[in-house]
Structures are given as C-alpha cells and as structure tokens.
Amino acid sequence: MKILHLCPDPGIPVLGQKGAAVHVREMAAAFERAGHKVILAAPQLNKSLWEESSELVDGRLLHVPPGPETVAAVLALKTYNDSLGLENSLPGELRRILHNQEFGLELKRMFENHRPDFIYERASLYATAGVHLARDLERPLIVELNAPLAFEQRTYRTTGLGDLAAHAELRTLEAADAVLTVSSLLREYAISLGVEPEHVHVVPNGVDIERFRPGAPDPEVRKRWNLGDGPVLGFVGGLRPWHGVEALPALLESVIGRYPEAQLAIAGDGPLRGALERDLQDRGFEKNAVFTGWMGHREVAPIIRHFDIALAPYPRPEHAFYFSPLKLFEYMACGIPVVTTNLGQIPEVVHDGETGLLCPPGEHGALVAACERLLDDHKLRSRLGKAAAKEIHTHYTWDRNAERVAEIAESLIAKRRLG
C-alpha cells in the first residue's frame, strides 16, 4: 500500500533523538520493511541547523516547513514577549495553529493527483490538517495518539488556549476512521471524549529487534565512557521531572554502601542535568557517575548492554499514567533486568519477578531493595533478562505494530469500497 505518514508536530524533529522522533522513524521503517511505500511529511527535520543526524528514514521524507507569513507572525510575538520581559509558549502555539492550514493545503496540492491508500497521522496539538486532507482525498485516516494532548495543555501551559486545543483534538479523534493509543488508559481517555470504542485500538510502543537484542558488551563502549569494573546501574532518556531521575543520586548513595564500585550511567540530557550533577557532588559520588549527554539512537543499545540493572523510577504523576515508556522496551529487548515503578501500562509489560522488578512509585527503600536484590543474585539477573528479551521480541516490535496498522487500514479500505 501507499502510506502518507504525517507528523505535523513542530516539536518533533523527525531526524532528531527524542523518543517521539524515534517512534515516527521506526514506524516508517517498519512499513517499508513490510513492503509498503511510505512518504513521511513533517515541518521539522532537526532541532537546530547544526545538529548532525546519523538517523535515516526509510522511504521518502517530505519537509513542509512553515511559510514566511507564519514565521513573521511568530517572530513578532516573540519580540513582543521580549519587550515585556516575558517567556511563555504562545509563540510556539501560534506557529502550530498558523502552520496547520499551510500544512494541509500544501499536502493537498501535492497529493490530490497522487493519492495514498490511507493517511497515518501522529496526533499533535492543534493539528486538524490530516482530517481535512483525508476528507479531500477521500482516504481513510488512522490517528496515533501518544498522550492526552488537550489535557496536558490545560494542565501545564496556562496560555488560555486550552479550549481551542480541546476542540481541535476532539475534531481529529472523532473524524478519524481509527484511533491507535499506546496504552489502555489512553484508550479510556479517547473514549471519554466521545470516540466510539470500536474505533479505538491499543498499540503499545515497540523496538527494532535487529538493533535492540541481547549481545556481548563492547569493550570500546566501556572504555569510551570510562565505566569501571563494578556493577552499572543505567538510565536512558530525557532528564526531566516526570522520568523520576531525581531519585538516582540517592539510589546510588544507598547502593554504594554495599557495592563501593557501583556506577551510575545516565545516557541522555535535559533540564535536570545540572541539578543531578550538583546532587551527586554534594553526596561525594560524582566520580561514580557518568553522563553521556544526548546520544544518537544507534548508540543506545551498545551502552544498555553494559548495564547490570536498567532503571525507570517514574514518580506518581498528578494524573493517570498513560505513557508507554520506550526505554522499557529497549532495556528489555537487550536482555537487561529492569527495575521500574508499578504504574499504568508498565505492569502489563514488566511482569514482577518474571521479566523485571516493580516498585511502588516514590518509595526509595523499595527501589534500593530491588536493585540490591538483583546485584546480590547473578542468576536472577540472567533469568529476568532472558525472559524480558523473549517477551519484547515476541510481542512488542515495530514490525508487529506496522502489521497491525496495515490490517486495520485494509479493513477500512474494504469497508469504503463496499459503500
């Protein structure tokens, strides 16, 4: 089939290293491996002009950036903010709203005589272009929902545009022929908005099993990051509050009490890096911690294979935990035992005592006890890691997700033909 894959979110540079960008690229690649033709259309390729990307997108990448009028309007609003000494998200939101129409009209012009078989869109704040494009091209629309976008907008960004975001989100989800959510809780959210339950399907995140698989640690990777001979507790991801990274320095301090050679490897970057470095320094354990900074996605699996324990200590959020954490799938696919929190979809993927260990969110003692239990028992680490890899490679792959999407699309296309 011919698939027009839309990522209208300017906050997702599709060639970048964010988890969302990885998701977009991996789905495009999985569609291609299945024999489909894919065109991925996006307004943003890289986070900055200087960013180098070793990541390629299978199929064709179509860059549809904001036009000069949109850019001028956004710059004007930024200048106004600066004149008042303000910093807020309004310029970025204005860019999304203005570019939405540009994005849709440009794609309509390009594809009205070269129509895809269906449109696959990653839901984005204020984005309704896919709905209009699918209607104009008379093609099914499948929307991938990764978060409750309007809820997040009202909760975390007090710009006064929450109602507008909610109307746009509802318009997109109701008009879609199918909605794919990454977790059961997110499915419930979509249904609560009024989307017909039979239109909503749960499709969690996945992995590329050719890249994320068990294997011998590469000595050059250990040397590059100056990892010693002691056990390595590892974390991969953005250094942001909702990832629970604030718990890592105290965890390291507790583990070092019994394992003096233990190290903490943090593969990622973000706004909390400085605070984490200061916390480790105040505790006197900065030499036991390694920060890699942002890594290309191809570099992630090689460092995960050096972890003795992979960490995802999510705190309890103020709302339902609707995430499908990509790091968990990648950790487990590499055969590394996971210690994470018992929230949302996580226990559906990490079976406590079978494919990993679960802890109550925010309980430091339980987190330390789980890590020490694994460090004390090499056979347990090995058993959990092998079972985890089998679970992920069997049930959670991008190829499996692409196959599921194709089946849904074929049924929608057939339904339309029958009238």
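Everything here concerns the structure above.
What you see is a predicted model, and the numbers here were worked out from it, not measured in a lab. (Residues numbered from 1 in each chain as written. Predicted model: local features only at pLDDT ≥ 70, side-chain atom pairs only at ≥ 80, totals over all residues. Heavy atoms only, no water.)

1. Some words on the packing of helix α2 (residues 68–83) against helix α3 (residues 90–111)
Between two packed helices, both the angle of their axes relative to each other and the distance between the axes serve to describe the pair. The interhelical angle for the contact between α2 and α3, taken along N-to-C directions, is 165 degrees, at an axis separation of 9 Å. Judged by the inter-axis angle, α2 sits roughly antiparallel to α3. The two elements α2 and α3 cross, and the hand of that crossing is right-handed. Touching E69, T70, A73, V74, L77, K78 and N81 of α2 are L90, P91, L94, R95, L98, H99 and E102, all from α3. Its residues placed into classes, the contact of α2 with α3 shows seven nonpolar, three polar and four charged. (Axes fitted to C-alpha atoms, helices over the stretch in contact; angles between N-to-C directions. Helix = DSSP H or I, 4+ residues; strand = E, 2+ residues; numbered from the N terminus. Parallel < 35°, antiparallel > 145°, perpendicular 65-115°, else oblique. Left-handed = near helix turned anticlockwise from the far one by under 90°. Contact = heavy atoms within 4.5 Å. Nonpolar A, V, L, I, M, F, W, Y, C, P; charged D, E, K, R; others polar.)

2. Concerning the nonpolar core
Nonpolar side chains in soluble globular proteins tend to be buried together. Of all hydrophobic cores here, the largest spans 68 residues; its most connected members are L251, I304, F307, L311, Y331 and V339. Of all the elements, helix α14 (residues 364–376) adds the most residues to this core, at six residues. Excluding anything up to four places from it in sequence, L311 contacts L233, G234, F235, L248, L251, L264, K327, Y331, V339 and C371. Residues A41, F111, I119 and Y189 belong to the second largest nonpolar core, which totals 35 residues. (Core = buried A, V, L, I, M, F, W, Y, C linked by side-chain atoms within 4.5 Å. Buried < 20%, exposed > 50% of the residue type's maximum accessible area, 1.4 Å probe, protein only.)

3. A few points about the pairing of strand β9 (residues 263–267)
Counted residue by residue, β9 has five buried out of five residues, so it is predominantly covered. Of the two faces of β9, both are covered, the one formed by Q263, A265 and A267 as well as the one formed by L264 and I266. Pairing between strand β8 (residues 232–236) and β9: five bridges, direction parallel. Residue pairing in the sheet places G234 in a bridge with A265 of β9. Once the chain exits β8 it traverses helix α9 (residues 248–256) before rejoining the sheet at β9, and the crossover so formed is right-handed. Sheet topology places β9 next to strand β10 (residues 289–291); three bridges connect them, and they run parallel. Following the sheet pairing, A265 is matched in β10 by V290. A crossover links β9 with its parallel partner β10, the connecting element being helix α10 (residues 273–283), and its sense is right-handed. (Pairing = 2+ DSSP bridges. Right-handed = clockwise from strand over helix to strand, strands pointing away.)

4. A word on the sheet that holds strand β13 (residues 357–359)
If you walk across this open sheet you meet the six strands as β10-β9-β8-β11-β12-β13, and the pairing is parallel. Here the strands that pair on one side only, and so sit at the sheet edges, are β10 and β13. Direction aside, neighbouring strands of the sheet carry axes that sit 20 degrees apart on average. Inspection of the sheet shows strand β12 (residues 338–341) paired to β13 by three bridges, in the parallel sense.

5. Considering the environment of R373
Locating R373 in the fold gives a position in helix α14. Along the primary structure R373 and F321 are separated by 52 residues, whereas in three dimensions their C-alpha atoms are 26 Å apart.

Limitation: the analysis is restricted to geometry and does not speak to function.
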